[in-house]
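Here are the chains, one letter per residue:
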Amino acid sequence: MTAAQPSNFGSARKMLLWSGIAALCAWVLVPIYLVALGAFGGRSGVYQWPKSILPTGISLEPFLLFLRTEGVAGAFLNSLGAAAVTVVLSVLIGAPAGYALARYDFRGKDSFRLLVLLTRAFPLAILALPLTVSFIRIGLYDTVIGVGLVHTILALPFAALVTQGIFMGVPRELEEAAWVFGCSRPQAFFRIVAPLALPGLAATAVFAFVISWNEVFAASVLTVRNRTLTAYLLTVLSESPLHYRFAGGLLLILPSVIFIFAVRRYLFAIWGISSK
Amino acid sequence: MQNIKKTWIPYLLIAPSVIFLALLFLLPLIQTIWLAVSEGGAPSLANLRTMAGDLNFRLAIRNTFLLALAVVPVQIVIALAMGSMVAKVDGGRETILWVWTIPLGISDLAAGLLWLSILQNSGYLNSLLFSFGLIERQANWLSYQTPIALFFAIAVAEIWRGTAIVMVIIVAGLNQVPKEFREAAEVFGAGPWTRFFRITLPLIKPALQSALILRTVLAFEVFAVVYALGGTNMPVLVGEAYTWQNQNQNYGVAAAYAVLIMVISLAATLVYLKAVRVDPERLP
Amino acid sequence: MANIVIDKIKKTFGSFEALKEISLEVGDGEFVSLLGPSGCGKTTLLRIIAGLETETSGQILIGGTPVNGLAPKDRGLAMVFQNYAVFPHMTVFENVAFGLRMKKADQNRVKSQVDKAAALLHIEPYLDRYPNKLSGGQRQRVAVARALAVEPKVLLMDEPLSNLDALLRLEMRTELKAVLQASGTTTIYVTHDQTEAMGLSDRIAVMYDGRIEQIGAPVDIYSHPASRFVGGFMGSPPMNFIRLPVTNGTVKLGNMNHAVPASVEREIVLGLRGENVSLAPLAEGLRLDVRVAEPMGSHLLLTGTIANQPVRVILPPGESVKAGEAIGLKLAADRLTWLSPETGLALNHPSR
């Protein structure tokens, strides 16, 4: 009897642990499930009372109806476009800086790092406010490229710091070996460093995508007709029926959840790096 | 340690970033400050005065601060709990972590809409309360008449969304603390709480610090969640900036709000850097 | 094949002088080790020869051609790195072939060279595999094969064995020697392990604090160290240094008087290799107070004091000496090194 006690105690703790984990998983998943019910439940679902948490009376129809609503498809494409601009720019500009930080000691390195880190202490999206004026002047206002540029400000410091970590993960000796065995610097980079850094760079790109895709404030400030999905939803929020809002929420969630799933392996490594 | 003749290479590599940051970070930063403290091209405090005299100003400040105060500590605690729990799990660790990181990919707007489906009048919370007999008809949580309920609703949505990022940073930090430290403490007789407070917590200070900074800066930027759940029923600072910019077309006052938010964010960052001081010599 | 001339190479990092005008000549086909403790500048010198770092001043000639300012790829050399630096995203075959591919060698030559190098290092079974699946020793073989496959004029090796475990290190050392003897490549080998340097080299350059302390054949350096540093660095146990009083040009070792080099007056330092002693009656020999006796199987290692100074000596395994005993030692008179107590330099060094 006494001998069995420790194991009882142990299994009770295990129960507690797993119920805690299950509760936290439910805390994350249940709201997503419920908004999906709302999105697929249509008008009748929204006003059903009291609601059942079982998926009754749902169909794809209400969601498809929402997708066919005027402006939604365009906003979706604009969001994709702005995110594409952000991904391309932040990787193309950020990765070389990350490489320089990882491989070179140079005068001004600390100041540069400070500049990059400084951006973190600022609510960057707010900077869209004065940019409205300059963007109107140079014709970038209300364009996908303009939104992408501002989103790149959000993603660039992140990309530079993360790629620094990624390039530091590729041993310098590999590159030196390539130089010794006949590569020029660019050759060594593209033959040795780039292939080894590729998964990490892809993860960085995905994060840049998610950052842009989810950004609300700057996109809303900088667009009028060419709304991104977030900006579109924000502006039509007050006058659209509830099930449209839920469908919009679901549409916002889907791509980024899929992308986070794709890079889940890198999440912790990347944040380990970028939070240093 | 590099080839002397190639000193220009790193400058070439960082040049695009420097130019980009100068044009789209430093320049707008200066412009914002100038817009806020000028009027028709001359220095003036008119915008700041308009801002401070605005009806919503005090409310916005109070709400934003209260939200940050309510949200950030809870997020840190939940994230620490998640990190400690998942450290004890062998099988299914990856899946659990993935589920917990899902909100990382979700915008504040979407998070607001998510919780709207639960908290709206004919939503799931009311349905649940009704089925337990706790309410008789649909209760309203999100109107301007129920500011406290609305505040809690927004806080819950923010906690739901923002905990993921804190968790990721903290788990990444925990991964860098070798298990041996905790085991050594256990061998010498430290209980689980002592181990957590005396060993683990001090060693993840850098992660904690960056999580606090990141989350607090984001908390002062809170906007879309508020908008999605309560419309303009609960004023917050960024929401006011948005209104002045888009509805009132008054860029000066919007800039004044922007400067205020930046000052608060910077101050918070400095406070954290001082308060959670990381001494590199005391880390492994 | 080529010789290497290193002429007054100097390297500073800020105000720190890593290399202080080093000059060294390595003959065609010769194997020279740069031996020294960490921070002595040996790796910096090797990296300068490779072109991975740039000298502050001085000149380097490989096969008579100055290579200063040339990129590593244009210097006609190959290198084996400490962490192997085997490319993880290429098969073993592609790794070994890498240098040849960069030189745009034709397919037949690549194949034949890779096969030759692979046979030499016994890695034929792994040619299709990726390096991640290989052990440390196997990766090391790949790294050496990659270097030999290009048939370099000069081979540079940076502590290539230091990441292997002790047993494997011994095995690889022997094999490396056999392979390099067969290929006859001019080789510069950086190591901090004196047994490696002793076993492999034609000549050893002992480096300390950015300078070459002594250069010579392994046995010479071992038996006739030019300075206290070299004697203390070479050999296991290291050379013992015993400060002794000088009277009338002699020191008293037990009941014998030994003449010392003329230039010293009051005191001299005796450099004594642990194995250059034999047991003698306590009354006749130099007195050693034994503190610890360790029977090592092949020999008996004694730690104790002579004239209150710490000493380690080696006796044949059969001797029975216990801790706490005092014994007499007879020294091999022709194998002693005498050093100046002030400068630490050897007084009876043959080159002096």
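Residues numbered from 1 in each chain as written. Chains lettered and ligands numbered in written order. Predicted model: local features only at pLDDT ≥ 70, side-chain atom pairs only at ≥ 80, totals over all residues. Heavy atoms only, no water.

With an unreviewed UniProt entry as reference, chain C is termed Sugar ABC transporter ATP-binding protein, source organism Phyllobacterium brassicacearum. Quoted verbatim from the Subcellular location (unreviewed entry) field of UniProt, the annotation for chain C is "Cell inner membrane". Recorded under Sequence similarities (unreviewed entry), the UniProt text for chain C is reproduced unchanged: "Belongs to the ABC transporter superfamily." (UniProt positions renumbered as here; feature names shortened; annotations may be inferred.)

Naming follows an unreviewed UniProt entry, where chain A appears as Sugar ABC transporter permease of Phyllobacterium brassicacearum. Quoted verbatim from the Sequence similarities (unreviewed entry) heading of the UniProt record, the comment on chain A is "Belongs to the binding-protein-dependent transport system permease family." According to the UniProt record, the Subcellular location (unreviewed entry) comment for chain A reads "Cell membrane".

A closer look at the side chain of Thr 216 of chain B
Residues and elements named next belong to chain B. Among the structural elements, Thr 216 can be located in helix 10 (residues 205-220). Taking the relative accessible area as the measure of exposure, Thr 216 reaches 5% and is therefore buried. The residues contacting Thr 216, other than those within four sequence positions of it, are Val 72, Ala 268 and Tyr 272. (Helix = DSSP H or I, 4+ residues; strand = E, 2+ residues; numbered from the N terminus. Buried < 20%, exposed > 50% of the residue type's maximum accessible area, 1.4 Å probe, protein only. Contact = heavy atoms within 4.5 Å.)

Here's the deal with the packing of aromatic side chains
The tally for this structure, following the rule as stated, stands at 29 aromatic pairs over all chains. Consider the rings of Phe 261 of chain A and Trp 98 of chain B, whose centres lie 4.8 Å apart with planes at 70°: the pair is edge-to-face. In this pair, Phe 261 of chain A is assigned in helix 11 (residues 242-262) and Trp 98 of chain B in helix 4 (residues 93-101), connecting two distinct chains. A residue is classified by how much of its surface remains accessible, and Phe 261 of chain A, at 38% relative accessible area, is partly exposed. Between Trp 193 of chain B and Phe 197 of chain B the ring centres are 6.3 Å apart and the planes differ by 20°, which places this aromatic pair in the stacked class. (Phe/Tyr/Trp six-rings, centres within 6.5 Å; stacked < 30°, edge-to-face > 60°.)

Thoughts on the nonpolar core
If you look at the biggest cluster of nonpolar residues, it comprises 272 residues, and the most contacted ones within it are Leu 67, Trp 100 and Leu 109 of chain B. Among the elements that take part in this core, helix 7 (residues 147-175) of chain B stands out by supplying 17 residues, more than any other. The next biggest cluster of nonpolar side chains, apart from the first, holds 26 residues, and it includes Leu 244, Leu 270, Val 290 and Leu 329 of chain C. (Core = buried A, V, L, I, M, F, W, Y, C linked by side-chain atoms within 4.5 Å.)

Here's the deal with the interface of chain A and chain B
Listed per partner, the contact involves 91 residues of chain A and 93 residues of chain B. When chain A packs against chain B, close to 8,300 Å² is buried across both sides, 79% of that on carbon and sulfur atoms. Here chain A and chain B share zero salt bridges between them. Between chain A and chain B we count nine residue pairs in polar contact (both at pLDDT 80 or more) in total. Top element by residues in the side of chain A that touches chain B is helix 1 (residues 5-47) of chain A. It accounts for 17 residues. (Buried area = accessible area lost by both parts, 1.4 Å probe. Salt bridge = Lys/Arg side-chain N within 4 Å of Asp/Glu carboxyl O. Polar contact = N/O pair within 3.5 Å; in protein donor to acceptor, adjacent residues only side chain to side chain.)

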